[in-house]
Amino acid sequence: DAGITQSPRYKITETGRQVTLMCHQTWSHSYMFWYRQDLGHGLRLIYYSAAADITDKGEVPDGYVVSRSKTENFPLTLESATRSQTSVYFCASSAGDSGNTIYFGEGSWLTVV
Amino acid sequence: QQQVKQSPQSLIVQKGGISIINCAYENTAFDYFPWYQQFPGKGPALLIAIRPDVSEKKEGRFTISFNKSAKQFSLHIMDSQPGDSATYFCAALINGRAQKLVFGQGTRLTINP
């Protein structure tokens, strides 16, 4: 049972470059999420998706783009990376029913120089 | 706007002691309150959760106390062990609202042997 996997785990990129973080889940969960984790802020929701082809903004969506053409994949793209986007990014998924557990991947460490 | 406020930011407890982490929320529509545990280099994992219709929930050494009128809830770790050293996040969500978790800022717990 692979669960939820993120790639790459570690990435260093330059300001202005486009970066895509991949997320894949094997549970066929309806809901998928992208969070960023920064010291002093906890985890903040960037985007979420309730199903394939349905996405919506979270708390901090600016500078990010998502897509969900298949239920199992939810890539996050930074169209033009900025230093403020240096963070740890977590993908998560949930079956979506009331009170269902939200499962997190192991994170993608992104540094923008 | 921080809808869930968590304290303290860091906590050091002696082995065998009681660790207490507190959270307060603002939105009275929240109806599910999970706690997540995160070890270094890993994603958060669900530890224990409570709904506002009960005042306490216990699972092993972990207990959530919930005070609906004060809009506060806390995590108690009894007989704290070095293996409990991790970052703990409280969270809240509104069921039916796309399972969007709102996290506290996190508490780094260190249990000294």
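Conventions and cut-offs
Residues numbered from 1 in each chain as written. Chains lettered and ligands numbered in written order. Predicted model: local features only at pLDDT ≥ 70, side-chain atom pairs only at ≥ 80, totals over all residues. Heavy atoms only, no water. pLDDT = per-residue confidence, 0-100. Helix = DSSP H or I, 4+ residues; strand = E, 2+ residues; numbered from the N terminus. Contact = heavy atoms within 4.5 Å. Buried area = accessible area lost by both parts, 1.4 Å probe. Salt bridge = Lys/Arg side-chain N within 4 Å of Asp/Glu carboxyl O. Polar contact = N/O pair within 3.5 Å; in protein donor to acceptor, adjacent residues only side chain to side chain. Nonpolar A, V, L, I, M, F, W, Y, C, P; charged D, E, K, R; others polar. 1 Å grid on protein atoms, 1.4 Å probe; cavity = no way out; pocket = protein on both sides within 12 Å on 5 of 7 lines; lining within 4 Å. Points joined across faces, edges and corners; volume = space filled by probe spheres on them. Disulfide = S-S within 2.5 Å. Pairing = 2+ DSSP bridges. Axes fitted to C-alpha atoms, helices over the stretch in contact; angles between N-to-C directions. Core = buried A, V, L, I, M, F, W, Y, C linked by side-chain atoms within 4.5 Å. Buried < 20%, exposed > 50% of the residue type's maximum accessible area, 1.4 Å probe, protein only.

1. Describing the confidence of the model for chain B
- Model confidence for chain B is summarised by a mean pLDDT of 93, while 96% of its residues fall at 70 or above.
- When pLDDT is averaged over each helix and strand of chain B, the minimum, 90, is found for strand β10 (residues 102-103) of chain B and the maximum, 98, for strand β8 (residues 72-77) of chain B.

2. A short note on the interface of chain B and chain A
- Contact residues are listed per partner, giving 21 residues for chain B and 25 residues for chain A.
- Interface area, chain B with chain A, both sides summed: about 1,800 Å², of which 55% is carbon and sulfur.
- The interface formed by chain B and chain A includes one salt bridge.
- B:K42 is the partner of A:E106 in a salt bridge, and the nearest nitrogen-oxygen pair spans 3.1 Å.
- If you look at where chain B meets chain A, you find four residue pairs in polar contact (both at pLDDT 80 or more).
- Partitioning the side of chain B that touches chain A into residue classes produces nine nonpolar, nine polar and three charged.

3. Details of the layout of surface pockets
- The calculated volume of the largest pocket comes to roughly 550 Å³.
- Residue lining of the largest pocket: 23 residues in total, with A:Q37, A:L39, B:Q38, B:T87 and B:R108 positioned closest to the centre.
- Partitioned by chemical class, the residues of the lining of the largest pocket number nine nonpolar, 11 polar and three charged.

4. Focus: the state of the cysteines
All names here are of chain B.
- Summed over all chains, the structure comprises two disulfides over all chains.
- In this model, C23 is linked to C90 through a disulfide, with the two sulfur atoms separated by 1.9 Å. Between C23 and C90 the sulfur-sulfur dihedral comes to about -95°; the bridge is accordingly left-handed. One end of the pair, C23, is in strand β3 (residues 19-25); the other, C90, is in strand β9 (residues 86-92), and 67 residues separate them in sequence.

5. Thoughts on the sheet that holds strand β8 (residues 76-78) of chain A
Residues and elements named next belong to chain A.
- The sheet built from four strands is open, its strands ordered β1-β3-β8-β7 with antiparallel pairing. Edge positions in the sheet fall to β1 (4-7) and β7 (64-66), since each has one partner strand and no second. Adjacent strand axes in the sheet meet at a mean angle of 20°, parallel and antiparallel pairs treated alike.

6. Remarks on the nonpolar core
Residue and element names in this part refer to chain B.
- Core analysis: the biggest nonpolar cluster contains 25 residues, and F33, W35, F73, L75 and Y88 have the highest contact counts within it.
- Within the residue set of this core, elements represented by two or more residues are β2 (10-14), β3, β4 (33-38), β5 (45-50), β7 (62-67), β8, β9 and β11 (107-112).
- Per-element tally for this core: the top contributor is β9, with four residues.

7. Things to note about the sheet that holds β3(B)
All names here are of chain B.
- A sheet is described by the order of its strands in space; here five strands give the open sequence β1-β3-β8-β7-β6, paired in antiparallel fashion. Only two strands of the sheet have a single neighbouring strand rather than two, namely β1 (4-7) and β6 (56-59). Direction aside, neighbouring strands of the sheet carry axes that sit 15° apart on average.
- Relative to β8, β7 is paired through six bridges, and the arrangement is antiparallel. Residue T63 lies in a different strand from β8, and its bridge partner there is H76.

8. Description of the side chain of B:T107
Residue and element names in this part refer to chain B.
- Within the secondary structure, T107 is located in strand β11.
- Given a relative accessible area of 0%, T107 falls into the buried group.
- Here Q6 takes part through its side chain, which lies 3.0 Å from a polar atom of the side chain of T107.
- Ignoring anything within four residues of it in the chain, the contact list for T107 reads Q6, S7, P8, Q9, S10, L11, I21, A86, T87 and Y88.

9. Re unusual backbone geometry
- Here the bond from A:S7 into A:P8 is cis, since omega is -10°, no more than 30 degrees from zero.
- Topologically, A:P8 is positioned in the loop between β1 and β2 (10-13).
- Looking along the chain, the bond that leaves B:S7 and enters B:P8 is cis, with omega of -5°.
- Mapped onto the fold, B:P8 is located in the loop between β1 and β2.
- For A:S28, which is not a glycine, the phi torsion comes out positive at approximately 60°.

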